Amino acid sequence: MTEPLTAATAGVATAPGRPAQAQQVVAALFVDFGNDRGDNRRPPRARYECVRCNHRSEVVTGPAAVAAFTATVRDTHRSVCPALQENQ
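None of these values were measured; they are calculated from a predicted model. (Residues numbered from 1 in each chain as written. Predicted model: local features only at pLDDT ≥ 70, side-chain atom pairs only at ≥ 80, totals over all residues. Heavy atoms only, no water.)

## Considering the pattern of salt bridges
As enumerated under the stated definition, the model contains five salt bridges in all. In this structure, the salt-bridge partner of aspartate 32 is arginine 42, at a minimum N-O distance of 3.1 Å. A residue pair is termed long-range when its members are at least 10 positions apart, and aspartate 32 in strand β1 (residues 27–32) and arginine 42 in the loop between β1 and β2 (45–50) qualify at 10 residues. With a closest N to O distance of 3.0 Å, arginine 45 and aspartate 32 form a salt bridge. Residue arginine 45 is found in strand β2, and its partner aspartate 32 is found in strand β1; the two are separated by 13 residues along the sequence. A relative accessible area of 40% places arginine 45 in the partly exposed class. When salt bridges that share partners are traced, they join Asp32, Arg42 and Arg45 into one network. (Salt bridge = Lys/Arg side-chain N within 4 Å of Asp/Glu carboxyl O. Helix = DSSP H or I, 4+ residues; strand = E, 2+ residues; numbered from the N terminus. Buried < 20%, exposed > 50% of the residue type's maximum accessible area, 1.4 Å probe, protein only.)

Structure below.
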């Protein structure tokens, strides 16, 4: 049986005298920086997943599109996430 991942087991730094607090993953940003060498070329790509509402974005490809997507996706989704809207 595996132990649950906590701030202490994940190596999260805490302030002296304070206990480690468990962190919970609520979203993930996946980025593949691509490969521009050799015969196996592929452009950068990215996608975003929200664990709260099970949203999964479309895959964005291309250097400019990935840069714009990663800069704004978290805040953009946060403003429309149904799970967050229910808690307010």
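## Quick word on the packing of aromatic side chains
Per the stated rule, a full pass over the model turns up zero aromatic pairs. Its guanidinium or amino end placed over the ring of phenylalanine 30, arginine 47 lies 4.2 Å from that ring's centre, counting from NZ or CZ. (Phe/Tyr/Trp six-rings, centres within 6.5 Å; stacked < 30°, edge-to-face > 60°. Lys NZ or Arg CZ within 6 Å of the ring centre and 35° of its normal.)

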